[in-house]
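Notes for the structure review
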Amino acid sequence: MMSIKKIGVLGAGSMGGGIAHLAAARGFEVVLCDVEQRFVEGAVKRIAGFMDKSVVKQKMTVDEKEAALKRITITTNMEDFASVDLVIEAIFEDLEIKKSAFEKLDKICEPHTIFGSNTSSMSITALAAATNRPDKVVGLHFFNPPLIMRLVEVIRGYYTSDETVKLASEVSQGMGKTPVVVQKDTPGFIVNRIMMPQFLEAIRIVEEGIATPADIDTAVKLGLNYPMGPFELMDFTGVEISVHVADYLFNESRDRKWNAPEPLKALVRAGRLGKKTGAGWYDYK
């Protein structure tokens with residue numbers, strides 16, 4: 001069985017940057033790619049800032065920080081993934097965009113290279129169909145923020161091999177995470193299939209005038225011992241992500257329970273996407 005030593009991360013946003021951080025800190029060589037130089041440079045700046053905090057807290061030394069940063073190569077050219085053993089895709093949650101990226105990667109990367117997608121709900125089988133290596137395509141769903149959240153969902157596509165699942169699980173463990181294997185490529189996998197109904201029901205409770213978002217968040221945190229309430233979590237991850245996931249689940253199943261409530265769509269239309277825009281369910285300005 002091959003071993004994973006060099007990891008390519010496609011997408012330098014909060015998820016991609018966090019995954020690159022984890023990989024580099026754990027000794028993997030990393031190639032971090034995005035469409036513009038400012039995105040990858042910004043990601044490395046954030047990574048260095050997080051590492052500075054770890055140095056202050058004595059969780060890593062200055063030498064360890066410098067060594068980890070040296071293991072990260074930044075690029076805007078996907079051709080630089082030619083030498084990696086694993087690519088983790090962490091780009092926009094749109095199936096066609098992801099398939100296009102996988103099709104390009106298939107032409108660039110060596111035959112042994114494994115393709116992992118950080119998608120939170122979309123079909124790994126559909127992504128694999130864009131390649132000539134469906135046995136080497138797997139879901140690697142990290143959770144936000146990846147530096148803190150301990151879980152990785154390892155998702156089998158229809159053709160994903162046992163070896164690919166084993167390697168993906170080992171890489172997850174190598175990054176300090178606990179992998180769980182999703183044995184069937186089903187929309188939403190495990191966590192989102194459980195979490196999205198909670199989000200949608202919370203919104204419906206607001207629609208019906210039963211309680212406010214703030215009181216629902218308080219109830220969930222104190223009554224269920226969750227670290228964040230549903231509205232806080234939607235604002236943290238990005239309100240539009242909830243719409244994309246709900247729409248995908250609805251389109252796949254045609255079950256109206258997944259239909260995104262109007263208040264959720266209205267927030268997106270208004271540009272209130274959560275903390276990153278300064279307003280979502282709550283105002284942050």
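Residues numbered from 1 in each chain as written. Predicted model: local features only at pLDDT ≥ 70, side-chain atom pairs only at ≥ 80, totals over all residues. Heavy atoms only, no water.

We now examine the nonpolar core. With 35 residues, the main nonpolar core has Ile7, Leu140, Phe142 and Met175 as its most contacted residues. Considering every element that reaches this core, the biggest residue donor is helix H1 (residues 14-25), with six residues. If near-sequence neighbours (up to four positions away) are discounted, Met175 is found in contact with Ile7, Ile19, Leu22, Ala23, Arg26, Phe28, Ile88 and Phe142. Phe81, Ala101, Ile124 and Leu127 belong to the second-largest nonpolar core, a separate cluster that totals 21 residues. (Core = buried A, V, L, I, M, F, W, Y, C linked by side-chain atoms within 4.5 Å. Buried < 20%, exposed > 50% of the residue type's maximum accessible area, 1.4 Å probe, protein only. Helix = DSSP H or I, 4+ residues; strand = E, 2+ residues; numbered from the N terminus. Contact = heavy atoms within 4.5 Å.)

Let's shift gears to the pairing of strand S8 (residues 178-182). As paired elements, strand S7 (residues 151-156) and S8 share five bridges and run parallel to each other. Pairing of Val152 across the sheet is with Pro179, part of S8. (Pairing = 2+ DSSP bridges.)

All right, on to the domain arrangement of the protein then. Size of an interface: often given as the accessible area lost when the parts come together. Considered domain by domain, the protein is made up of domain 1 (6-182) and domain 2 (192-277). Here domain 1 and domain 2 have C-alpha centroids that lie 27 Å from each other. The interface is formed by nine residues belonging to domain 1 together with six residues belonging to domain 2. Both sides of the domain 1 and domain 2 interface together cover about 760 Å² of buried area, and 64% of this is carbon and sulfur. By the criterion of area lost to domain 2, the three top residues of domain 1 are Glu93, Ser121 and Asn144, representing 46% of everything that side buries. Along the contact surface separating domain 1 from domain 2 lie zero salt bridges. (Domains from an automatic or database assignment. Buried area = accessible area lost by both parts, 1.4 Å probe. Salt bridge = Lys/Arg side-chain N within 4 Å of Asp/Glu carboxyl O.)

Here we come to a nonpolar patch on the surface. Where nonpolar side chains cluster on the molecular surface, the patch consists of Phe50, Leu147, Ile148 and Met149 and spans about 360 Å² of accessible area. Tracing the chain through its elements places Phe50 in helix H2 (residues 37-56). Judged by relative accessible area, which is 40%, Phe50 ranks as partly exposed. (Patch = residues over 30% accessible without salt bridge, like charges linked within 9 Å, V, L, I, M, F, W, Y side chains within 5 Å. Areas by Shrake-Rupley, 256 points an atom, 1.4 Å probe, with all protein chains shown as cover.)

Tallied over the full model, the rule gives zero disulfides. Looking at Cys33, it has no disulfide partner, and the nearest cysteine sulfur is the one in Cys109, 11 Å off. (Disulfide = S-S within 2.5 Å.)

Moving on to the pairing of strand S6 (residues 137-142). Summarising burial for S6: six of the six residues are buried, a large majority. Side chains Val137, Gly139 and His141 of S6 all project onto a buried face; the interleaved residues Val138, Leu140 and Phe142 project onto the opposite face, where all are buried too. Relative to S6, strand S5 (residues 114-117) is paired through three bridges, and the arrangement is parallel. What sits directly across from Gly116, in S6, is Val138. Pairing analysis gives five bridges linking S6 to S7, with the strands arranged antiparallel. Across the sheet, Phe142 pairs through a bridge with Val152, a residue of S7.

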